[in-house]
Amino acid sequence: QVQLVESGGGLVQAGGSLRLSCAASGSTRRIKTMGWYRQAPGKQRELVAVEGGGGRTNYADSVQGRFTFSRDNVSNTVYLTMNSLKPEDTAVYYCNAKDRWHPRDYWGQGTQVTVSS
């Protein structure tokens with residue numbers, strides 16, 4: 001099993017910045033790729049940034065150029081640095097990990113990000 005714990009959410013004014021962290025523990029060898037998703041009230045969960053092949057990161061168009069995904073393999077932690085935040089970025093942000101050997105996703109409990117105008 002893989003456990004994911006997010007932190008770093010909070011309330012910020014538009015134009016501000018936040019950095020989310022997600023620490024993985026347990027059977028971390030099972031992890032193939034990691035990423036971030038978000039879910040705003042009344043909306044479906046959507047991709048924000050996920051690791052792709054060749055060391056690339058795939059970003060949602062809405063966050064491209066403002067958000068940056070990074071990974072620390074030593075501490076099994078991934079980060080999402082969010083700059084130039086907008087009210088429409090308000091959502092619960094979830095950390096995701098995909099299993100290397102089985103078609104399975106692991107999710108964190110989510111962290112709330114609220115951007116005031």
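Everything here concerns the structure above.
Residues numbered from 1 in each chain as written. Predicted model: local features only at pLDDT ≥ 70, side-chain atom pairs only at ≥ 80, totals over all residues. Heavy atoms only, no water.

> Explain the sheet that holds strand β7 (residues 67-72) here, please?
Two strands in a sheet stick together by hydrogen bonds in their backbones, pointing the same way (parallel) or opposite ways (antiparallel). Across the sheet, 4 strands lie side by side as β1-β3-β8-β7; this open sheet has antiparallel pairing. The sheet is open, and its two borders are formed by β1 (2-7) and β7, each paired with just one other strand. On average, adjacent strands in this sheet sit at an angle of 15° to one another, irrespective of strand direction. As judged from the 6 bridges shared by strand β3 (residues 18-26) and strand β8 (residues 77-82), these two strands associate in the antiparallel manner. Of the residues in β8, the one forming a bridge with A23 is T77. (Pairing = 2+ DSSP bridges. Helix = DSSP H or I, 4+ residues; strand = E, 2+ residues; numbered from the N terminus. Axes fitted to C-alpha atoms, helices over the stretch in contact; angles between N-to-C directions.)

> For this particular structure, what's the right way to read the packing of aromatic side chains?
Tallied over the entire structure, the rule returns 2 aromatic pairs. Measuring from ring centre to ring centre gives 6.5 Å for Y94 and W107, while their planes differ by 90°; the resulting arrangement is edge-to-face. Within this pair, whereas Y94 is found in strand β9 (residues 91-99), its partner W107 is found in strand β10 (residues 105-107), the two being separated by 13 residues in sequence. Take Y94: its relative accessible area is 14%, and that puts it in the buried class. (Phe/Tyr/Trp six-rings, centres within 6.5 Å; stacked < 30°, edge-to-face > 60°. Buried < 20%, exposed > 50% of the residue type's maximum accessible area, 1.4 Å probe, protein only.)

> What should I look at first to understand the side chain of D89 in this one?
Within the secondary structure, D89 sits in the loop between β8 and β9. A distance of 3.0 Å separates the side chain of D89 from the side chain of R38, its partner in a polar contact. In contact with D89, other than residues within four places in its own chain, are R38, R66, F67, S84, V113 and V115. (Polar contact = N/O pair within 3.5 Å; in protein donor to acceptor, adjacent residues only side chain to side chain. Contact = heavy atoms within 4.5 Å.)

> What should I look at first to understand the nonpolar core in this one?
For soluble globular proteins, the rule of thumb is that nonpolar side chains tend to be buried together. Counting residues in hydrophobic clusters, the biggest one holds 28 residues, and the most contacted among them are L4, M34, W36, L80, M82 and Y93. Once you skip the residues sitting within four places of it in the chain, M34 turns out to touch L4, C22, A24, V50, E51, F69, R71, V78, C95, N96 and A97. (Core = buried A, V, L, I, M, F, W, Y, C linked by side-chain atoms within 4.5 Å.)

> Hey, could you run me through the environment of M82 in this one?
By secondary structure assignment, the location of M82 is in strand β8. Note: C-alpha distance between M82 and K32 (50 residues apart in sequence) is 24 Å.

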